[in-house]
Amino acid sequence: MNSAAISVSDLTKVYGERPALSHANFEVPMGTVCGFVGPNGSGKTTTIRMLLGLIAPTGGTGSVLGHNISHPEKYLPQVGAMIEGPAFYPALSGRENLNVLASLGGFPTSRVQGLLDQVGLGDRGSGKFKTYSLGMKQRLGIAAALLPQPKLLVLDEPTNGLDPSGIQEVRNLIKDLASDGTTVFVSSHLLSELEMISEYLVMLRLGKVIFSGRTQDLLAAQQPILVAKPEYEFDLGKLFEIAKSSGHTVTLVDGQLHIVSDPNWAPALNRLAFEAGVTLASLTPVFPTLEETFFEMTGE
Amino acid sequence: MIHVIIAESRKLRRPTLLFSTMAITVVLSGLFTSLLFLLINSKDGNGKRGQMISPASLSLPNGVVTGFTSTATLLGIVALCIFAAQTAQEYTFGTLRNLLVRQPSRMKILGGKYISMIIFAIVMDVLSLIISVIASYALAGHAHVTTVLWNSGAGYREIGHAFLNVLITTLGFGTLGMILGLALRSPISSIAIGVIWVLIVENLLALAVKKSGPWLPGYLISNVAEGGSVDISYQRGLFLGGAYLLVGGAIVSYLFKKRDVSN
Ligand SMILES: Nc1ncnc2c1ncn2[C@@H]1O[C@H](COP(=O)(O)OP(=O)(O)OP(=O)(O)O)[C@@H](O)[C@H]1O
Ligand SMILES: [Mg+2]
């Protein structure tokens, strides 16, 4: 059996003339948290729907938990998913909505109360779904995804509509599940969140995979910078020359110098500045964030 | 499939849906049966389409279920609405994707849904039969109808036949509703189109186009409940009506199996 939880090769979906996903190739290793990012309309939900057997690929293949995606019945019992927002019967209570899905999947309904507690809906389970707030609906969606005690959890924008503490709870939940060995494939536009939890990343742009691999490797490919600020503004020019003559690319941003360089060069810069009579008010190494890398790579 | 049936029954036994449907069933059966007996000998008729049904014919063994069978088309319309809504709502609520993640076999989803609604329709028809028979006995004296033959073996057989035929009609209309729900993927449009077609369009067509009646699906399905009529034989109703539903059902089942689920 394949050690990848998800693996797709040349996976393609064309709507009319327009490819929503074009020759995608990537793997999500078992037991990791993998972020799935890309601008609006880049094909994330389309990919997830194909992985769950909801839409048929136009071309290519894929496998989930070692089974071909043309046989979703073989792996879906071990997969929990929330796709593009929570969808439930408005006139049924949150609890009864979960009971419907538990009955359908052949899971004991005795799990339901525990799940409601887990997502913070423990005392609101008997309220009708239509009376829930946006965040409560989202939480119910997450509870439904956890129903099968999944080996693979697929979440499409799970933090949509959640308040900051809700976002934090989801982050902790994902971390807990991952530490118990669950593979999590999560799409989100909250890149700082993903950066905190995802070991792996798949990045889409216009239906194409532009990166897949370790988050670390993606960020390492981007140059870190040193942000330097002299004590006196009139020293900016002098400092600029020092950095530039040492062979670095330098830009002036808001009264500070952004010097593309290895952070290890910081002590040397400090010494050079001191020797030239420039005192530094601050000197900080700054590593590129996922967000900056995202903008850089997607050209958004 | 049993899992699907259990899951579906959770939706069907929602109190508002269950009680309102059963209340409608009670009212319709009670009303139709009562009018049959209360308007006896009225010059506007006491049966469907102004028919006159005499105390003598109501005293025959099948008199006990005449009220019940005349309710069939409306019970059918109720079933049409429920079957259509329960199917199409999965698309409008977006819940179909949840169902398919938990049960990827689309035919099992469809089959389980259908069976659970058949059970619902059976409950509805049993209730209707009980109400209608009670009302018939209660009002027979008032209409000078004798119930001796009702209480005979022939009477009981008539009850059995009528129940089966009304059930076939109810399920026929329900199936039509489910077909429309799957085809149109919207509860409102499938119910509106189904009800308008059966209650209005077919009647207009039957008037406008001579001899079109025996070809219209609604007429054919309704006809089964009455055990056949002058225009349409019982067999024709059963087989041609059934054939329409089979073809329609096959087409929408194929679509349901193959179609992308992207809402
Ligand atoms: N059923 C459909 N019919 C036609 N086009 C579709 C359909 N579903 C998706 N698309 C198109 O496919 C492309 C990818 O859509 P998709 O929903 O996968 O994007 P996404 O990455 O999930 O975006 P978002 O971040 O906004 O959720 C879009 O151009 C969209 O318009
Ligand atoms: Mg999306």
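This paragraph deals with the overall build of chain A. Per the secondary structure count, chain A includes eleven helices and 14 strands. For chain A, the spread of C-alpha atoms along the three principal axes comes to 75 × 45 × 35 Å. With 300 residues in all, chain A has 51% of them scored as buried. Contacts in chain A between residues at least 24 apart in sequence constitute 68% of all its contacts with a sequence separation of at least 6. Carbon and sulfur atoms make up 50% of the accessible area of chain A, which amounts to about 13300 Å² in all. Distance between charge centres in chain A, computed from 22 positive and 29 negative side chains, equals 8 Å.

Let us now look at the domain arrangement of chain A. Residue and element names in this part refer to chain A. Domain annotation of chain A identifies domain 1 (4-220) and domain 2 (225-298). With centres defined by C-alpha atoms, the gap from domain 1 to domain 2 works out at 41 Å. Interface area, domain 1 with domain 2, both sides summed: about 980 Å², of which 79% is carbon and sulfur. Taken together, the connections running from domain 1 to domain 2 amount to zero salt bridges. Inspection of the region where domain 1 meets domain 2 yields zero residue pairs in polar contact (both at pLDDT 80 or more). If one sorts the elements of the side of domain 1 that touches domain 2 by residue count, strand β9 (residues 200-205) sits on top with four residues. Split into classes, the residues belonging to the side of domain 1 that touches domain 2 amount to eleven nonpolar, one polar and two charged.

Moving on, we come to the environment of T293 of chain A. Residues and elements named next belong to chain A. For T293, the position within the fold is in helix α11 (residues 290-298). Look at T293 and you get buried, because its relative accessible area is 0%. The sequence separation of T293 and T215 amounts to 78 residues, and the corresponding C-alpha distance is 11 Å. Those residues in contact with T293, other than ones at most four positions away along the chain, are L218, L219, Q222 and P288.

This part takes up the site of ligand 1. All names here are of chain A. Around ligand 1 sit 14 residues in total, of which G41, K44, T45, T46 and H189 are the nearest. With respect to ligand 1, the side chain of H189 contributes an N or O atom lying 2.9 Å from an oxygen atom. For ligand 1, the protein covers 67% of the area, taking 640 Å² as the surface of the free molecule. If you tally residues by element for the shell around ligand 1, the top one is helix α1 (residues 44-51), at three residues.

Where the parts come together, the accessible area they lose is often given as the size of the interface. Listed by partner, the interface residues are 28 residues for chain B and 36 residues for chain A. Summing both sides of the interface, chain B and chain A together bury roughly 2500 Å²; the carbon and sulfur share of this comes to 61%. For the chain B face of the interface with chain A, the top three residues by lost area are R10, R97 and R102 of chain B, together amounting to 31%. Where chain B packs against chain A, one counts two salt bridges. Where chain B meets chain A, there are 16 residue pairs in polar contact (both at pLDDT 80 or more). Going through the elements one at a time, α1 (2-12), α5 (72-92), α6 (96-102) and α7 (106-140) of chain B are the ones with two or more residues in the side of chain B that touches chain A.

Before going further, it helps to examine helix α5 (residues 134-146) of chain A. All names here are of chain A. The end-to-end C-alpha distance of α5 is 19 Å, a good match for the 18 Å that 13 residues give at a rise of 1.5 Å each. Among the 13 residues in α5, eleven count as buried, and that is most of the element. Every buried residue of α5 is accounted for by G135, M136, Q138, R139, L140, G141, I142, A143, A144, A145 and L146. Residues of α5 that are buried sit in contact with β6 (79-82), α3 (94-105), α4 (111-118), β7 (152-156) and α6 (164-179).

Each strand in a sheet pairs with another by means of backbone hydrogen bonds, the pair being arranged parallel or else antiparallel. All names here are of chain A. Taken together, four strands build an open sheet; the order of strands is β12-β13-β11-β14 and the sheet is antiparallel. On the outer flanks of this sheet lie β12 (249-253) and β14 (280-286), each paired with one strand and no other. The sheet shows a mean angle of 20° between the axes of neighbouring strands, direction not considered. With five bridges connecting them, β12 and strand β13 (residues 256-260) associate as antiparallel partners. Within β13, the position partnered with V250 by the bridge is I259. Set on the sheet, helix α10 (residues 266-275) makes contact with β11 (225-230), β13 and β14; between it and β14 the angle comes to about 160°.

Before going further, it helps to spend a moment on the nonpolar core. If you look at soluble globular proteins, the nonpolar side chains tend to sit buried side by side. Counting residues in hydrophobic clusters, the biggest one holds 136 residues, and the most contacted among them are L52, V79, L152 and F185 of chain A together with F37 of chain B. When residues in this core are grouped by element, the largest group, eleven residues, is from helix α8 (residues 153-184) of chain B. Filtering out sequence-adjacent residues up to four positions away, V79 of chain A remains in contact with L52, V64, L65, P148, P150, L152 and V154 of chain A together with V101 and R102 of chain B. By size, the runner-up hydrophobic cluster in this structure holds 14 residues, among which are A228, L239, W265 and A266 of chain A.

This model, assessed by the stated rule, comprises ten salt bridges over all chains. Ionic pairing is found between E96 of chain A and R10 of chain B, a salt bridge with its closest N-O pair at 3.3 Å. One end of the pair, E96 of chain A, is in helix α3; the other, R10 of chain B, is in helix α1, on a second chain. In this structure, R171 of chain A and E193 of chain A form a salt bridge, with 2.9 Å as the shortest nitrogen-oxygen distance. In this pair, R171 of chain A sits in helix α6 while E193 of chain A sits in helix α7 (residues 191-197), placing the two residues 22 residues apart along the sequence. Assigned by exposure class, R171 of chain A and E193 of chain A land together as buried.

With that settled, the discussion passes to helix α9 (residues 236-245) of chain A. Residue and element names in this part refer to chain A. What α9 keeps buried is the set L236, L239, I242 and A243. Viewed end-on, α9 has its buried residues packed into an arc of 125°, placing them on one side of the element. Looking at the buried side of α9, the elements it contacts are β11, β12, β13, α10 and β14. Positive backbone phi, at 90°, marks G247, one or two positions downstream of α9.

Cut-offs used in this document
Residues numbered from 1 in each chain as written. Chains lettered and ligands numbered in written order. Predicted model: local features only at pLDDT ≥ 70, side-chain atom pairs only at ≥ 80, totals over all residues. Heavy atoms only, no water. Helix = DSSP H or I, 4+ residues; strand = E, 2+ residues; numbered from the N terminus. Buried < 20%, exposed > 50% of the residue type's maximum accessible area, 1.4 Å probe, protein only. Contact = heavy atoms within 4.5 Å. Areas by Shrake-Rupley, 256 points an atom, 1.4 Å probe, with all protein chains shown as cover. Lys, Arg positive; Asp, Glu negative; His and termini not counted. Charge placed at Lys NZ, Arg CZ, Asp CG, Glu CD. Domains from an automatic or database assignment. Buried area = accessible area lost by both parts, 1.4 Å probe. Salt bridge = Lys/Arg side-chain N within 4 Å of Asp/Glu carboxyl O. Polar contact = N/O pair within 3.5 Å; in protein donor to acceptor, adjacent residues only side chain to side chain. Nonpolar A, V, L, I, M, F, W, Y, C, P; charged D, E, K, R; others polar. Near = heavy atom within 4 Å. Expected span 1.5 Å × (residues − 1). Pairing = 2+ DSSP bridges. Axes fitted to C-alpha atoms, helices over the stretch in contact; angles between N-to-C directions. Core = buried A, V, L, I, M, F, W, Y, C linked by side-chain atoms within 4.5 Å. Arc of directions from axis to C-beta.

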